[in-house]
Structure formats: structure tokens, C-alpha cells
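# Architecture and fold: a report
So you can see what is in the structure, the chains are spelled out below.
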Amino acid sequence: MIIIRNILIAVTAFLLIGISYAKDGPDIVIPEFLVEDMAYAYHSLKTIEIKGAEVDAYINVKSYLENAINQAQQQKLKSFDKIKAPTERTIISDLINLMQRVTLKGVDANKHKRFVTALTESLKE
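Basis of the calculations
Residues numbered from 1 in each chain as written. Predicted model: local features only at pLDDT ≥ 70, side-chain atom pairs only at ≥ 80, totals over all residues. Heavy atoms only, no water. Helix = DSSP H or I, 4+ residues; strand = E, 2+ residues; numbered from the N terminus. Buried < 20%, exposed > 50% of the residue type's maximum accessible area, 1.4 Å probe, protein only. Contact = heavy atoms within 4.5 Å. Areas by Shrake-Rupley, 256 points an atom, 1.4 Å probe, with all protein chains shown as cover. Expected span 1.5 Å × (residues − 1). Arc of directions from axis to C-beta. 1 Å grid on protein atoms, 1.4 Å probe; cavity = no way out; pocket = protein on both sides within 12 Å on 5 of 7 lines; lining within 4 Å. Points joined across faces, edges and corners; volume = space filled by probe spheres on them. Nonpolar A, V, L, I, M, F, W, Y, C, P; charged D, E, K, R; others polar. Axes fitted to C-alpha atoms, helices over the stretch in contact; angles between N-to-C directions. Parallel < 35°, antiparallel > 145°, perpendicular 65-115°, else oblique. Core = buried A, V, L, I, M, F, W, Y, C linked by side-chain atoms within 4.5 Å.

### Focus: the overall build of the protein
Looking only at helices and strands, the protein features five helices and four strands. From first element to last, N terminus to C terminus, the protein shows the α and β order α-β-β-α-α-β-β-α-α. The 125 residues of the protein split such that 30% are buried. Within the protein, counting contacts between residues at least 6 apart in sequence, those at least 24 apart form 81% of the total. For the protein, the exposed area adds up to about 8500 Å²; of that, 59% sits on carbon and sulfur atoms.

Dropping the structure here:
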């Protein structure tokens, strides 16, 4: 009985801390990846099928990548230069989920892996 009560107290405290943390604003992450990999991801996402419930997530991800590409162009970065593109954690999570559905050719495997790895690593920070 005491163990169950302690577990309930711990879960309640965890939830309350999570709720108060969520009110502080969006959780920003700063992934860093090659410009070439980002361009690959942008073009690859155009080929996937999405469901109606994913439209907002897709539009947010597409906008994020377009802004990052524009930033790279303004900075005159080359394809093997790295770029840091800060955004909300949810957009990175959505991007990872959408990238899992990309159908790719073997020649693009390294770009795909580098990009998804960079995104995943940014979520760990």
C-alpha cells in the first residue's frame, strides 16, 4: 500500500513538473548538418505520402527546411559546409518521423543516415 502511494506521488510530481515546464515556452534544439544533406531531405520529403492528420506537421517541417536552405544561400555556404538551424523539438521529431517514410536510392543512403543522425543527436542535447 505504501509503495503504491509513493508511486502515485512520484507520478503526480512528475506530471506537475512537466506541465509547469511546458508553460515556459517551446523547447528549442539546434541541429547541425551538412547543407547537402538538408537539400536532400527537402527534396526527398516531396515524394512521401502523408495522411490528413499530418498536414500541419508536414507544412511546418517543409517551412523549417526552406528557411534553413534560404539561410545557407544567404551565407553562401557550399554543399559540404555545416549549418546550424534552430527550431522547436516537435518539428525535429516530426521531421525524423517523416524521413522514416522516404523511399531512397542506395546512392543517397549516406546523406539520409547523416541527416537523420544529426537530427536525432540534437534531440539528445
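### With respect to helix H5 (residues 109–124)
For H5, with 16 residues, the first-to-last C-alpha span of 23 Å sits near the 22 Å given by 1.5 Å per residue. Among all positions in H5, only His-112, Phe-115, Val-116, Ala-118, Leu-119 and Ser-122 are buried. Seen along its axis, H5 keeps its buried residues to an arc of 150°; they face one direction. Away from the buried face of H5 by more than 90 degrees, exposed residues Asn-110, Lys-113 and Lys-124 are located. Buried residues along H5 sit against strand E1 (28–29), strand E2 (32–34), helix H2 (35–45), helix H3 (55–74) and helix H4 (89–99).

### Section: empty space enclosed by the protein
In the structure shown here, the tally under the stated rule is one cavity of 30 Å³ or more. Here the largest cavity defines a volume of roughly 30 Å³. Around the largest cavity sit Tyr-42, Leu-45, Lys-46, Tyr-58, Val-61, Lys-62 and Leu-65, which together line it. Take the lining of the largest cavity: its biggest share by element is four residues, from H3. Split by residue class, the lining of the largest cavity holds five nonpolar, no polar and two charged.

### Considering the packing of H2 against H5
Where H2 meets H5, the axes come as close as 9 Å, and the angle between the chain directions of the two elements is 100°. Here H5 runs roughly perpendicular to H2, going by the angle between their axes. Seen from H2, the contacting residues are Glu-36, Asp-37, Met-38, Tyr-40 and Ala-41; seen from H5, they are Lys-111, His-112, Arg-114 and Phe-115. Looking at side-chain class alone, the contact of H2 with H5 contains four nonpolar, one polar and four charged residues.

### Considerations on the nonpolar core
Ranked by size, the top nonpolar core spans 29 residues in total, and within it Phe-33, Met-38, Leu-45, Leu-65, Leu-95, Met-99 and Phe-115 carry the most contacts. When contributions to this core are tallied by element, the ones reaching two or more residues are H2, H3, H4 and H5. Here this core takes seven residues from H3, the largest share from any one element. In this structure Leu-65 touches Met-38, Ala-41, Tyr-42, Leu-45, Leu-95 and Phe-115, once residues within four positions along its chain are discounted.

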